[in-house]
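Residue strings, one per chain:
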Amino acid sequence: ETGVTQSPTHLIKTRGQQVTLRCSSQSGHNTVSWYQQALGQGPQFIFQYYREEENGRGNFPPRFSGLQFPNYSSELNVNALELDDSALYLCASRASGRASETQYFGPGTRLLVL
Amino acid sequence: AQTVTQSQPEMSVQEAETVTLSCTYDTSENNYYLFWYKQPPSRQMILVIRQEAYKQQNATENRFSVNFQKAAKSFSLKISDSQLGDTAMYFCAHLKTSYDKVIFGPGTSLSVIP
């Protein structure tokens, strides 16, 4: 186990709803990245937070947003859910803002949009 | 755009045997990092091995080693003395240091057969 936790483990929502996923980073880590992993695919980078500021974003629309708190835990918010948002959402933390540092993944939240 | 290709969607290997997973990537950069991640059925992604492009020596971690061919943009993973616990999805990933975002390949599903 990596020390990164995510909640909830599973979630079912309907199209158009909003969802908030949570991530607690490993102790001492100030950077959190979020990934979307569709079934049978590799993770796709959504965005990254470093010391409470977003400092990198992948090709995801603005309805994907996030927060990082002073204790470096993080939230991923998705508005106006679409069927294609069904996926495993992974967060990963690392000790610094440098992407070359090893990142440690949480177990993920499985989101199903009906 | 950065791409990472894993041409073997599925592979199997007998316990105690050796298996090699293939990965190619596309980059015009000279400095970058390459990673192999393992995602067992329990879902938690863990780092197996990393390689820094400016280091000519191939990285090794216990039973795991890589064959890094920079000119060919190839980064294969060799697993020696395969164990049942090696059964997992394996993702090759590339980080361009100036881009600060990790790009994952589609993965190879490895099954270790007793």
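That block above? That's the structure.
Procedures and definitions
- Residue indices follow the written sequence of each chain, beginning from 1 at its first position.
- Chains carry letters and ligands carry numbers; both start at the beginning, A for chains and 1 for ligands, and go up in the order they are written.
- Two thresholds apply to this predicted model, a pLDDT of at least 70 for residue-level local features and 80 or more for giving and counting side-chain atom pairs, whereas whole-chain, interface and lining totals are computed over all residues.
- No hydrogens and no water enter the side-chain calculation; it runs on all heavy atoms of the structure.
- Working definition: helices are DSSP H or I runs of at least four residues, strands are E runs of at least two. Numbering for both runs from the N terminus.
- Summary of the burial criterion: residues with accessible area below 20% of their type's maximum are buried, those above 50% are exposed, and those between are partly exposed, where the area comes from a 1.4 Å probe applied to protein chains only.
- In this analysis, two residues are considered to be in contact whenever any of their non-hydrogen atoms come within 4.5 Å of each other.
- Using a 1.4 Å probe, the Shrake-Rupley method yields the accessible areas, and only the shown protein chains count as cover for residues.
- Under this rule, positive means Lys or Arg and negative means Asp or Glu; His and the chain ends count for nothing.
- Charged side chains are reduced to one point each, which is NZ for Lys, CZ for Arg, CG for Asp and CD for Glu.
- Two joining distances apply to patches: 9 Å for like charges and 5 Å for nonpolar side chains (Val, Leu, Ile, Met, Phe, Trp, Tyr), and every residue must have over 30% relative accessible area and no salt bridge.
- Should a side-chain nitrogen of Lys or Arg be within 4 Å of a carboxyl oxygen of Asp or Glu, the pair is scored as a salt bridge.
- Note on definitions: buried area is the accessible-area loss of two parts on being combined, 1.4 Å probe, summed for both.
- Between N or O atoms, a polar contact is any pair within 3.5 Å; within protein, one atom must be a potential hydrogen donor and the other a potential acceptor, and residues adjacent in sequence are included only when both atoms are from side chains.
- Amino acid classes used here: Ala, Val, Leu, Ile, Met, Phe, Trp, Tyr, Cys and Pro are nonpolar; Asp, Glu, Lys and Arg are charged; the rest, including Gly, are polar.
- Only centres within 6.5 Å qualify two rings of Phe, Tyr or Trp (six-membered ring in Trp) as a pair; their planes then separate them into stacked at under 30 degrees, edge-to-face at over 60, and tilted for everything else.
- Strands are treated as partners if at least two bridges between them are detected by DSSP.
- Two cysteine sulfurs form what is called a disulfide whenever their separation falls within 2.5 Å.

Caption draft 1: Spotlight on the overall build of chain B. Within chain B one finds zero helices and 12 strands. Going from N to C terminus, chain B has its helices and strands arranged as β-β-β-β-β-β-β-β-β-β-β-β. The principal-axis extents of the C-alpha atoms in chain B amount to approximately 45 × 25 × 20 Å. Of all 114 residues assigned to chain B, the portion counted as buried reaches 49%. Within chain B, counting contacts between residues at least 6 apart in sequence, those at least 24 apart form 55% of the total. Working note: accessible area of chain B is about 5500 Å², and carbon and sulfur atoms make up 46% of it. Of the charged side chains in chain B, 10 are positive and 10 negative; the average position of the first set lies 7 Å away from that of the second.

Caption draft 2: A look at a nonpolar patch on the surface. On the surface, Ile 12, Leu 112 and Leu 114 of chain A cluster together into a nonpolar patch covering about 310 Å² of accessible area. For Leu 112 of chain A, the location among the structural elements is in strand β11 (residues 109-113).

Caption draft 3: Here's a closer look at the interface of chain B and chain A. Taken together, the contact pairs 18 residues of chain B with 29 residues of chain A. Carbon and sulfur atoms supply 50% of the area buried between chain B and chain A, which totals about 1800 Å² over both sides. For the interface between chain B and chain A, the tally reads zero salt bridges. Applying the counting criterion to the chain B and chain A interface returns two residue pairs in polar contact (both at pLDDT 80 or more). Within the residue set of the side of chain B that touches chain A, elements represented by two or more residues are β5 (32-39), β6 (46-52), β10 (88-96) and β11 (102-104) of chain B. The greatest single-element share of the side of chain B that touches chain A, amounting to four residues, is contributed by β5 of chain B. Across the side of chain B that touches chain A, the residue classes tally to 11 nonpolar, three polar and four charged.

Caption draft 4: Quick peek at the packing of aromatic side chains. Residues and elements named next belong to chain A. Under the defined criterion, the tally for this structure stands at 13 aromatic pairs over all chains. Taking 5.9 Å as the distance between ring centres and 70 degrees as the angle between the ring planes, the aromatic pair formed by Tyr 35 and Phe 45 counts as edge-to-face. Of this pair, Tyr 35 sits in strand β4 (residues 31-37) while Phe 45 is found in strand β5 (residues 44-50), placing the two residues 10 residues apart along the sequence. Among the residues examined, Tyr 35 registers a relative accessible area of 1% and is labelled buried. Note on Tyr 35 and Phe 105: the rings are 5.6 Å apart at their centroids and 45 degrees apart in plane angle, and the pair reads as tilted. Placement of the pair is Tyr 35 in strand β4 and Phe 105 in strand β10 (residues 104-105), with a sequence separation of 70 residues.

Caption draft 5: Fine view of the pairing of β11 of chain A. All names here are of chain A. Going residue by residue along β11, you find Thr 109, Leu 111 and Val 113 tucked away on one face and Arg 110 and Leu 112 left uncovered on the opposite face. Pairing analysis gives four bridges linking strand β2 (residues 10-13) to β11, with the strands arranged parallel. For His 10, the partnering residue across the bridge sits in β11 and is Arg 110. Across three bridges, strand β9 (residues 87-94) lies against β11 in antiparallel orientation. When the bridges of β11 are listed, Leu 88 appears paired with Arg 110.

Caption draft 6: How the structure looks around the state of the cysteines. Applying the stated criterion across every chain, the model contains two disulfides over all chains. With its sulfur 1.9 Å from that of its partner, Cys 23 of chain A forms a disulfide with Cys 91 of chain A. Negative torsions about the S-S bond denote left-handed disulfides, and the value of about 70 degrees found for Cys 23 of chain A with Cys 91 of chain A makes this one right-handed. Of this pair, Cys 23 of chain A sits in strand β3 (residues 19-24) while Cys 91 of chain A is found in strand β9, placing the two residues 68 residues apart along the sequence. You can call Cys 23 of chain A buried: its relative accessible area is 1%. Put simply, Cys 23 of chain B and Cys 92 of chain B are joined by a disulfide, and their sulfur atoms are 2.0 Å apart. Here Cys 23 of chain B and Cys 92 of chain B share a disulfide; its torsion about the S-S bond, -65 degrees, makes the bridge left-handed. Of this pair, Cys 23 of chain B sits in the loop between β3 (19-21) and β4 (24-26) while Cys 92 of chain B sits in strand β10; the two residues are 69 residues apart in sequence, bridging distant segments of the chain. The class for Cys 23 of chain B is buried, based on a relative accessible area of 1%.

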